[in-house]
Amino acid sequence: MLGRIRDTVGDVAETIKRVFKGPKVHSAKGLFFRDPEYKTVSWLTAETKGDVLISQPSTVQQSLLVSVSAINPDMKFVAKSFVETGEVFRAEASLVSVALAWSGIVTSADIPGLNSPQMKRVDEYFTTFKTKSFGLPPFDIKHGKTYKLATRISVPACYRSLERAMLVPILLRSEDLEGVSKSLMMRYNLRLVKETGENIKNLEIIGLYQIPKKGLRSVKHDTTTGLLKIIVGPEAQNSPYCNVVVARKKSNSAIVSCRVDED
Amino acid sequence: MSEETRLAYYVAIKESASYLGGLLMTNAQGIPTDFRYTEPITPTKLQSVLYGKALEPHLKGEVIQKALMKEIKTPPDLMFVQASDLVADFAADTNCPILAVQRSQEAPLKEQGAINRTSSREVLVQVGEGGHPLRVIFPHGVAEPEQDAALQKVVEAGYHMDLVEPMERALEALRTLIQPK
């Protein structure tokens, strides 16, 4: 009996063992993965952007190792640039959408990183535009002093010098000879002849002047202007005046003169 | 016009940066009776800036003229100034008419003493018989009656002497002060 039970259990165990035996494993190599083929795809362009950077567009030619079968219009590459701390700039491209495999085929594609784009620090372009600022000290009005300057022009000192004024010749104009009455003129002519001893026909009266009797320093007749230049002294101030006739000699153009008033 | 007639000729000139003035007093015949002059006034740079264009009129019309008039005890009957200086604000307390006289080339007026008013400030006046009339110019603001009173004196004084000539003499005397010796 026990032998029969042992055989039965052994059969059950064998049955269970056979039922739960693992499935066959086959290598998928060569079946599911094709050997990759390589093709150069369009260049990726990386451009840097930034507010304070002058970007120097640089293109990086890069062969993209992608399985030919994986290339399809749905693949989109986006170039990105990064500014990291310090002077490190990095650029890379990332694949944002690609169908790598389709039913029955498992494939993969590696996207290699882009070379660093050629970039220059922009500092050198801005060196001439650097500005500096510094704080001005505030005006200390509280302790400021005000000053008053004399703007009024003071009264000048005055001096007296009558002598200086006397040195300047006085220019006398002849009285209007035509305004002198004929009788008076005849009397002046007689006086002139008497004083000079000249013939009246040889004399041409050119002026009749009033000059001070006293203080006369010099008398000159300017034939071009007809003015009599006299220089007087202080005694002339209160001196009475006399009439002087000035005449020219026709024979030699000499000037003669005489007082014509009767004392 | 009496023997006591006193005519004043006021001149002020600028020499380099300095101003100086002179006052020539004459009698009715034009004989000098007094001559006063000021020391040169040299305004400071600050004064020049602050006074601006008013500096010269102020100096001539106020400072120098007042200083000279103070020296004259009795006010003159007439005070003659240069026509170009009439823009100055002459002190109102001169107590005598202030005017400028110039020779003119105008035709003689009818008779001695005749006047021909050419503007509110300018008058032609016949001071002698025959000859060209004198041009008399008054400062701003002199009323006509005051002008007429002054013109009366001008006619009287001009009968005896050439009223223009002493002004040239006063200038000449002043220039001798600044000429190098």
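What counts, and at which threshold
- Residues numbered from 1 in each chain as written.
- Chains lettered and ligands numbered in written order.
- Predicted model: local features only at pLDDT ≥ 70, side-chain atom pairs only at ≥ 80, totals over all residues.
- Heavy atoms only, no water.
- 1 Å grid on protein atoms, 1.4 Å probe; cavity = no way out; pocket = protein on both sides within 12 Å on 5 of 7 lines; lining within 4 Å.
- Points joined across faces, edges and corners; volume = space filled by probe spheres on them.
- Helix = DSSP H or I, 4+ residues; strand = E, 2+ residues; numbered from the N terminus.
- Nonpolar A, V, L, I, M, F, W, Y, C, P; charged D, E, K, R; others polar.
- Pairing = 2+ DSSP bridges.
- Axes fitted to C-alpha atoms, helices over the stretch in contact; angles between N-to-C directions.
- Contact = heavy atoms within 4.5 Å.
- Buried < 20%, exposed > 50% of the residue type's maximum accessible area, 1.4 Å probe, protein only.
- Phe/Tyr/Trp six-rings, centres within 6.5 Å; stacked < 30°, edge-to-face > 60°.
- Polar contact = N/O pair within 3.5 Å; in protein donor to acceptor, adjacent residues only side chain to side chain.
- pLDDT = per-residue confidence, 0-100.
- Buried area = accessible area lost by both parts, 1.4 Å probe.
- Salt bridge = Lys/Arg side-chain N within 4 Å of Asp/Glu carboxyl O.

Enquirer: Before we go on, may I ask you to explain the layout of surface pockets in this structure?
Expert: Which parts of space are left empty comes out when a probe the size of a water molecule is rolled across the atoms. Approximately 1200 Å³ is the volume found for the largest pocket. Of all elements in the fold, only strand E6 (170–172) and strand E7 (203–212) of chain A together with helix H3 (144–160) and helix H4 (165–178) of chain B reach the threshold of two or more residues within the lining of the largest pocket. The element contributing the most residues to the lining of the largest pocket is E7 of chain A, with four residues. Class assignment for the residues of the lining of the largest pocket results in 16 nonpolar, 15 polar and eight charged.

Enquirer: I'm lost on the sheet that holds E7 of chain A in this one. Help?
Expert: Strands belonging to one sheet form pairs held by backbone hydrogen bonds; the direction of such a pair is parallel or antiparallel. All names here are of chain A. Read across the open sheet, the three strands follow the order E7-E10-E11; overall the sheet is antiparallel. Looking at strand neighbours, the two that pair on one side only are E7 and strand E11 (255–259), the edges of this open sheet. Across the sheet, the mean angle separating the axes of adjacent strands is 25 degrees when strand polarity is ignored. As paired strands, E7 and strand E10 (residues 241–249) are joined by nine bridges and run antiparallel to one another. Following the sheet pairing, Ile 205 is matched in E10 by Ala 247. Helix-sheet contacts for helix H3 (residues 182–196) involve E7, E10 and E11, and the interaxial angle to E7 is about 95 degrees.

Enquirer: It is not clear to me how unusual backbone geometry should be interpreted in this structure. Could you clarify?
Expert: Glycine aside, a negative phi is what most residues show, and trans is what most peptide bonds show. Its identity as a non-glycine residue notwithstanding, Ser 253 of chain A has a phi of 65 degrees, on the positive side. Exposure remark for Ser 253 of chain A: the relative accessible area of 48% places this residue in the partly exposed category. Residues other than glycine seldom take positive phi values, yet Ser 16 of chain B does so here, at roughly 55 degrees. Within the secondary structure, Ser 16 of chain B sits in the loop between strand E1 (7–15) and strand E2 (18–26). Overall, Ser 16 of chain B belongs to the exposed group, its relative accessible area being 64%.

Enquirer: Would you mind showing me how to read the packing of aromatic side chains here?
Expert: For any pair of aromatic rings, geometry is given as the distance between the ring centres together with the angle between the planes. All names here are of chain B. Counted by the stated rule, this structure contains three aromatic pairs over all chains. Ring geometry for Tyr 9 against Phe 80: centres 4.8 Å apart, planes inclined by 20 degrees, an arrangement best described as stacked. Linking Tyr 9 in strand E1 with Phe 80 in strand E4 (residues 78–80), this pair joins segments that are 71 residues apart in sequence. Taking relative accessible area as the criterion, Tyr 9 reaches 0% and is therefore assigned buried.

Enquirer: I'm lost on the environment of Tyr 10 of chain B in this one. Help?
Expert: Residues and elements named next belong to chain B. If you trace the backbone, Tyr 10 turns up in strand E1. Judged by relative accessible area, which is 1%, Tyr 10 ranks as buried. Considering only alpha carbons, one finds Tyr 10 and Leu 23, 13 residues apart in sequence, at a separation of 4.6 Å. A polar contact is formed between the side chain of Tyr 10 and the backbone oxygen of Lys 60, at a distance of 2.5 Å.

Enquirer: Which parts of the structure should I look at to understand the confidence of the model for chain B?
Expert: Detailed reading of predicted coordinates is not advised where the pLDDT is low. Here chain B shows a mean pLDDT of 88. Residues at 70 or above account for 94%. In the predicted assembly, ipTM is 0.82 and pTM is 0.63.

Enquirer: Where do I start with the interface of chain B and chain A in this structure?
Expert: Every contact between the two is made by 34 residues of chain B and, on the other side, 28 residues of chain A. Together chain B and chain A conceal approximately 2800 Å² of surface at their shared face, both sides included; 64% is due to carbon and sulfur atoms. Counting across the interface, chain B meets chain A through two salt bridges. Note that Asp 162 of chain B and Arg 173 of chain A form a salt bridge whose closest N and O atoms lie 2.7 Å from each other. Scanning the region where chain B abuts chain A turns up nine residue pairs in polar contact (both at pLDDT 80 or more). Only strand E3 (32–38), helix H1 (45–51), helix H2 (55–71) and H4 of chain B provide two or more residues apiece to the side of chain B that touches chain A.

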